[in-house]
Amino acid sequence: MTTAVFTGPDRLDHPRGGSFAALLRHSGALAKRSLIKTTRTPEALIDVTIQPVIFLLMFTYLFGGAIAGAGGRSGYLQLLLPGMLAQSLAMGSIALGQNLNADIEKGVFDRFRSLPVSRSAPLVGAVLADIVRYFTVCAVTLGVGTVMGFRIETGASATVAAVALAIGFGLCFGWVSVWVGMLVRTPGAVQGVMFLLVFPLSFGSDVFVPANTLPGWLQAFVHVNPITHLVGAERGLLIGGPVAHHLIITLGWMAGLLVVFVPLALRAYNKRA
């Protein structure tokens, strides 16, 4: 399968480390490889299809009545779903580092090194391919949420903006997973390390409960948590409310993630692959 991507009229015959256009072309070909691999192993999409549904059902129907109080489950669902969208994207990024780590262990990246492709193209291509996974998270979460009673209270343009922001954040956060995947030795270790990161970010935010119900020391962490601001922007875009403050901070976090973790991931990749 890998060989087929690099044969025929679209053969990647540009020198390693060539122009930016060559990098995009190489990355696109490798993203296509990742998507073909996903279509042949659909069970790899469990974390972006079944898992978000389980979390949404569990927190709405098992805990929603107790957490929401007088607001009821329907009111809690309106608060919860935008937060679940952000959490599911963060959880979905874990597989990116796992897959890259597995490819290195299997020697796939040795094959890439022997081909005349841009050095960073395998990593960039893998991240680009995850656009499909993140879009799946958004579609599944919003679709199932609508069946459960969630209602978008803004409009079509705001909804598109919410999905675009969520996918953009997922692509930026995915570079953390790429970096971890380049550092640790096994795919299982990638999952363990990323869970240690994603769970505090998810539960130490206002995804499930309002921040003002938390202890003061925890509120301090919640207010600087990037997931909190992503959730705030998503809620504003989907159910109404202030957006600008949360959006600006979220975009700042996205830029920061790229500036810090893209070079770290590439450096770790150059040392390992």
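Source: prediction; values computed, not measured.

1. Notes on the UniProt feature "transmembrane region" (unreviewed entry) in the protein chain
Point 1. UniProt annotation of "transmembrane region" (unreviewed entry) refers to residues 44–67, 79–100, 121–144, 156–180, 192–211 and 243–266 when read in the numbering used here.
Point 2. A helix fraction of 95% and a strand fraction of 0% characterise residues 79–100, whose end C-alpha atoms lie 35 Å from each other.
Point 3. Segment residues 156–180 splits into 100% helix and 0% strand. End C-alpha atoms: 37 Å apart.

2. So, the packing of aromatic side chains
Point 1. Under the counting rule described, the total for this entry stands at nine aromatic pairs.
Point 2. Considering the side-chain rings of phenylalanine 59 and phenylalanine 208, the 4.3 Å spacing of their centres and the 25° angle between planes classify their relative orientation as stacked. Taken together, the residues phenylalanine 59 in helix α3 (residues 46–68) and phenylalanine 208 in the loop between α9 (187–203) and α10 (216–224) connect sequence positions 149 residues apart. Each member of the pair, phenylalanine 59 as well as phenylalanine 208, carries the same accessibility label: buried.
Point 3. Aromatic ring contacts, followed pair by pair, group Phe55, Phe59, Phe63, Phe195, Phe199, Phe203 and Phe208 into a single cluster.

3. So, the confidence of the model for the protein chain
Point 1. Residues with a pLDDT of 70 or more make up 92% of the protein chain, whose mean pLDDT is 87.
Point 2. The low-confidence segment residues 1–17 (pLDDT under 50) makes 37 contacts with residues lying over four places distant or belonging to another chain.

4. A closer look at the side chain of asparagine 101
Point 1. Here asparagine 101 is to be found in helix α5 (residues 94–106).
Point 2. There is a polar contact of 2.9 Å between the side chain of asparagine 101 and the backbone oxygen of valine 184.
Point 3. Excluding anything up to four places from it in sequence, asparagine 101 contacts Gly181, Val184, Arg185, Thr186, Pro187, Val190 and Arg272.

5. Observations concerning the nonpolar core
Point 1. Counting residues in each nonpolar core, the largest one holds 70 residues, and the members touching the most others are Leu100, Leu123, Phe173, Trp175, Val178, Met194 and Ile227.
Point 2. No other element matches the 15 residues that helix α8 (residues 156–183) contributes to this core.
Point 3. Here valine 178 is in contact with Leu96, Gly97, Leu100, Leu123, Val127 and Ala265, once residues within four sequence places are set aside.

6. Focus: the environment of alanine 189
Point 1. Structurally, alanine 189 can be placed in helix α9.
Point 2. Taking the relative accessible area as the measure of exposure, alanine 189 reaches 27% and is therefore partly exposed.
Point 3. Taking the C-alpha atoms as reference, alanine 189 lies 23 Å from threonine 49; in sequence the two are 140 residues apart.

7. Re the pattern of salt bridges
If the charged atoms of two oppositely charged side chains come close together, the side chains can form a pair.
Point 1. Following the criterion strictly, the structure yields five salt bridges and no others.
Point 2. Aspartate 103 is paired through a salt bridge with lysine 37; the nearest N and O atoms lie 3.3 Å apart. A residue pair is termed long-range when its members are at least 10 positions apart, and aspartate 103 in helix α5 and lysine 37 in helix α2 (residues 20–40) qualify at 66 residues.
Point 3. Residue aspartate 103 is classed as buried on the basis of its relative accessible area of 6%.
Point 4. Residue classification places lysine 37 among the partly exposed residues on the basis of a relative accessible area of 29%.
Point 5. With a shortest N-O distance of 3.5 Å, aspartate 206 and arginine 235 are connected by a salt bridge. In this pair, aspartate 206 is assigned in the loop between α9 and α10 and arginine 235 in helix α11 (residues 226–239), connecting sequence segments 29 residues apart. In this pair, the class of aspartate 206 matches that of arginine 235, namely buried.

Thresholds, definitions, all that
Residues numbered from 1 in each chain as written. Predicted model: local features only at pLDDT ≥ 70, side-chain atom pairs only at ≥ 80, totals over all residues. Heavy atoms only, no water. UniProt positions renumbered as here; feature names shortened; annotations may be inferred. Helix = DSSP H or I, 4+ residues; strand = E, 2+ residues; numbered from the N terminus. Phe/Tyr/Trp six-rings, centres within 6.5 Å; stacked < 30°, edge-to-face > 60°. Buried < 20%, exposed > 50% of the residue type's maximum accessible area, 1.4 Å probe, protein only. pLDDT = per-residue confidence, 0-100. Contact = heavy atoms within 4.5 Å. Polar contact = N/O pair within 3.5 Å; in protein donor to acceptor, adjacent residues only side chain to side chain. Core = buried A, V, L, I, M, F, W, Y, C linked by side-chain atoms within 4.5 Å. Salt bridge = Lys/Arg side-chain N within 4 Å of Asp/Glu carboxyl O.

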